[in-house]
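Structural overview
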Amino acid sequence: MTENERLLRLLFEEKGFSPNEAQYKAITNTEGPLFLTAGPGSGKTRVLLWRTLNLIALEGVRPDEIMLATFTEKAALQLKEGLQGLLSFASKYTHRPYDIADMYVGTLHSLCQKLLTDRRFTEGMARSRRPVIMDELDQYFFIEGSKNWDALLEAGGFDLAKKTEAYSRINEWSGLSMGKTSKTNAVKSCIAFFNRMSEEDFPDKELRLGKADETETALFKMTEKYRELLRNEPTEKVDFSCLQQRAFEYVSQQLFSASVFKHVIVDEYQDTNTIQRKIYMQLAKGNKNICVVGDDDQALYRFRGATVENLIDFENICQKEIGVRPVRIDLSTNYRSRRQIVDTYTGFMDGADWENPDKKGQFFRIQGKNITPHSTDSGTSVLLETGKKDDVTKNIVSLVKELKDAGKISDYNQCALLFPSLKTTCEKDFETAFAEAGIPFYAPRANNILCTEEFLVVLGLFAKIFKLEAKPDDARGGMKDFQLWLQEALAKANEVVLQDKNLEEFIIEKWTEIELAKRNYRLMANCCEEKKIPLTNKAYSQTTKVLASVPKLDDGVRQALTGKNLNEFLMKKNNEGKPLSVGYVLSRVTALDWTLLDLFYQLNMFGWFTKRYDKAERGEEDSALYNFGLITNYLGKYMELNGPIISGRNFQENAMGKNLFNSYIYALFRLGEGEYEDSDDPFPKGCVPFLTVHQSKGLEFPVVILASCRHNAKKVRPLDVLVRKMLAEQGSLPDMAEPLDRMDGYDTMRMFYVAMSRAKNLLVMAQFKGQGQSTWPALQDLFDKNQFSSCAQMNVAEMPEGEDKGERLAHVYTYTGDYLPYKNCPRSYMAFHKYKFVPSRSQTMFFGSLVHQSIEDLQNFINGGKR
């Protein structure tokens, strides 16, 4: 045994970790490419952490020579904090400090941002200029804005006088059966098209197809125009897909770029797309040390461009791309679920036909994984409840209540209902059954997030303060639905105000402030009109004197106009050749001393809000605070897009009605925004979470209820067909590609597999019988082959308790980032750290965060050295 092996085993022993043979091999196999298949609950996160520790602490690889990429921000945070904890522990034995501040740990999107400014990839160590990154909401508003949208339509050859015809053509080509004349749907369809072209790494010159139809040709031209618009911004912008394309171009410029990283490690490789595969392979070409981890049975993101064949055919791709065939190790022991659960979902997947009909011996599923349970518990852990909807839902809800009463689950959020999709009659039936039983539930995607009580009340109060009216009778289509929503929001707000006299007085004060700002703005704007001074004119000191002489102007505004600060600022800008406009002066001197986020936090001091904070602090139901956090995020995004200042001009021109509500919030309403992801507690306490299967990926629950066994077959997406044709025409088809007509079937198998494999102690499947009901054939075949017990036959006493025995990694707390904020105000710490509230003074907070982060990096470094 070598010294490194001895030390590694000592670290295992001290941390209470006993890796199985496959895990040990995965941790210690550090030379050459490595292919890890990792089934559900196989301990892959722990393996990745120990493998990385082995590289850094025992093999001497510098942290900045390692890239560790994963799929979600939550997983990235877990890996970073887990690695910090392990390295701090290891330093006690190696007597060396470890600093991972420069290590590439995160999602590929975040790592691409870092790559673009990494001097190691440029000749002469020159730093490139990083573009502005747009998230999905930024991208939507960039495209949806009238100027850019018209430019895109014109580029596509559409008649701007007949926009609804353009929307219909775009939406019909995309396969939409409803809302064909909707602009929102057309924008979303274009975004999907633009992103896919970037994800497949098609440059402008390859945006073509020999036999493209008229709409496809238009979409190609729109894609080129979209990229041009991004490049022509004052500071170049990129969306997440373009970002990856830019990063690949950047790291491909120099031959030495392929040797910057000694090790490239990629988690959830089954969810990678073409451009991501290219980036990873390019970075690994030099040292040939690439380790990919994944489970093809959990590939759910084809709709985002993911290519599961990247994982299934990795051995051949690796041989072709970097010239070496990888070592394969199967992490096949399931430590999560009871035996019957594992046997059920493995039998389900094994029962399907995965062989390529055109190439015998080739399979669209990794063969020979042999997933086995670690559990020896042979008790009942899978139930099938079948019958009429009312009976099935009531029986399942009764079982959930019995499990809670018996202490088999300590909180209702340990029992999850998983649906293939929400907003269905099935989901509504379960909602009714849980409501009748008095069991709280939380369904972040079941309804539009704007229809939750918190959004209705908060935005209703905003609308009331800004004196907006709902006018559903004057609208139609989507805007009519939105006006009906606004009507409900105002009604909810009025109910809250009626119960709080102090809140009513607060709103009256805001009305007074707004009217004063509006009156002052109107007086000065009228003066400019009378004196024929356009608001776009340059502003000088003489301008402020003219405005200060306006009769009936508020004293505070007059003082601001004649004050030293404003006039010196105007002079400074004029001297710099960047003069400010008269309109700017009017807005500045009539600006209110609060922003939208300030207004939200001011409202938080009233009774309706404080009751919800109190419940969360007592450890009771806290879904309201998750929604409050989302509200602050959306308000912060609006302020980024439109500026934080609220002035008299906003109210004179009804900007709050036009821009905030009828544009921004309307877009959120139409987009159905609303999911959240919390890294520590994914779901509110005291509530049964209703989730899509996609939402549940990466999670586990003591009890899982597969709430629907139904799936309606989907047609092949036109975008998938188009990409396949483009690749064939260019001679770039991959060696392995799932048949288009089998994609939906394969994806559905994987979706139900993911749902079943989330369960630790109990899996309950709901099968509805009767008129209009159906069961996915593969599930029906599973039911026919097995004699599953029903809820009534379940002996709850025999079921193990739902304790959290998972591998939750230790959270890294710091003095400046955690202790001091908590000591200063526990409630504030709870809001900003747990529920992700956005602070009202973001620039100050951002600077403070940078300072704290720097101090914490030093602290971690010093702590590591001491140990």
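Check the entry above for the structure.
The structure reproduced in this document is the subject of the present report. Just so it is clear, the structure is predicted and the values come from calculations on it, not from any experiment. (Residues numbered from 1 in each chain as written. Predicted model: local features only at pLDDT ≥ 70, side-chain atom pairs only at ≥ 80, totals over all residues. Heavy atoms only, no water.)

Looking at the nonpolar core
- Counting 182 residues, the largest nonpolar core has F466, W485 and F661 as its most contacted members.
- In contact with W485, other than residues within four places in its own chain, are L450, C451, L456, L459, F661, I665 and F669.
- Counting 39 residues, the second-largest nonpolar core is a separate cluster that includes I27, V47, L53 and I56. (Core = buried A, V, L, I, M, F, W, Y, C linked by side-chain atoms within 4.5 Å. Buried < 20%, exposed > 50% of the residue type's maximum accessible area, 1.4 Å probe, protein only. Contact = heavy atoms within 4.5 Å.)

Considerations on the environment of G286
- When you line up the elements, G286 lands in the loop between α12 (274-284) and β7 (290-294).
- Residues G286 and E14 lie 272 residues apart in sequence; the distance between their C-alpha atoms is 36 Å. (Helix = DSSP H or I, 4+ residues; strand = E, 2+ residues; numbered from the N terminus.)

Comments concerning the packing of aromatic side chains
- Under the definition given, this model contains 50 aromatic pairs.
- Taking 6.2 Å as the distance between ring centres and 55° as the angle between the ring planes, the aromatic pair formed by F455 and Y634 counts as tilted. One end of the pair, F455, is in helix α18 (residues 453-465); the other, Y634, is in helix α27 (residues 623-642), with 179 residues separating them in the sequence. Residue F455 shares its accessibility class with Y634, and that shared class is buried.
- Connected via pairs of aromatic rings, a cluster forms that spans F600, Y601, W608, F609, Y613, F628, F832 and F837.
- The side chain of R120 reaches across the aromatic face of F261, ending 5.4 Å from its centre.
- One Lys or Arg, K467, reaches over the ring of W511 and ends 5.0 Å from the middle of that ring. (Phe/Tyr/Trp six-rings, centres within 6.5 Å; stacked < 30°, edge-to-face > 60°. Lys NZ or Arg CZ within 6 Å of the ring centre and 35° of its normal.)

Regarding the pairing of strand β1 (residues 34-38)
- Of all 5 residues in β1, 5 are buried; the element is thus mostly enclosed.
- With burial as the criterion, each face of β1 is covered, one bearing L34, L36 and A38 and the other bearing F35 and T37.
- Sheet topology places β1 next to β7; 4 bridges connect them, and they run parallel. Each bridged residue has a counterpart across the sheet, and for T37 the counterpart in β7 is G294.
- Bridge count for β1 against strand β8 (residues 327-331) is 5 bridges, and the pairing is parallel. Its bridge partner lying in β8, A38 is registered against L331. (Pairing = 2+ DSSP bridges.)

Regarding the state of the cysteines
- The final tally for this structure, using the stated rule, is 0 disulfides.
- Here C791 stays free of any disulfide, with the sulfur of C415 as its closest cysteine sulfur at 10 Å.
- By relative accessible area, C791 is classed as buried at 8%. (Disulfide = S-S within 2.5 Å.)

As for the layout of surface pockets
- Here the second largest pocket is characterised by a volume of approximately 700 Å³.
- Lining the second largest pocket we find 34 residues, and of these T274, R277, L727, S732 and P734 sit closest to its centre.
- Only α12, α13 (309-312), α14 (314-322) and α31 (718-729) provide two or more residues apiece to the lining of the second largest pocket.
- Residue composition of the lining of the second largest pocket, grouped by class: 13 nonpolar, 7 polar and 14 charged. (1 Å grid on protein atoms, 1.4 Å probe; cavity = no way out; pocket = protein on both sides within 12 Å on 5 of 7 lines; lining within 4 Å. Points joined across faces, edges and corners; volume = space filled by probe spheres on them. Nonpolar A, V, L, I, M, F, W, Y, C, P; charged D, E, K, R; others polar.)

Side note on the sheet that holds strand β15 (residues 701-706)
- The sheet built from 6 strands is open, its strands ordered β11-β16-β15-β12-β14-β13 with parallel pairing. Taken across any chain shown, the strands that pair with only one partner, and hence form the sheet edges, are β11 (382-387) and β13 (441-442).
- In the sheet, β15 pairs with strand β16 (residues 759-768) via 5 bridges, with the strands oriented parallel. The residue of β16 that forms the bridge with V703 is L762.
- Most of the contacts of helix α15 (residues 339-350) go to β16, to which it runs at about 50°, and overall it touches β11 and β16.
- Against the sheet, helix α16 (residues 389-405) engages β11, β12 (415-419), β14 (688-692), β15 and β16, with an angle of about 160° to β16. (Axes fitted to C-alpha atoms, helices over the stretch in contact; angles between N-to-C directions.)

Observations regarding helix α33 (residues 777-785)
- When α33 is considered as a whole, its buried residues turn out to be L779, L782 and F783. Relative to the axis of α33, the buried residues are bounded by an arc of 95° and lie together on one face. Opposite its buried face, α33 presents the exposed residues P777, D784 and K785, each directed more than 90 degrees away.
- In this structure, the buried side of α33 is in contact with α15, β11, α32 (743-756) and β16. (Arc of directions from axis to C-beta.)

Considering helix α17 (residues 425-436)
- Over its 12 residues, α17 extends 17 Å from the first C-alpha to the last, a length consistent with the 16 Å expected when each residue adds 1.5 Å.
- Along its buried surface, α17 packs onto α16, β12, β13, β14 and β16.
- The first or second residue beyond α17 is G438, which carries a positive phi of 75°. (Expected span 1.5 Å × (residues − 1).)

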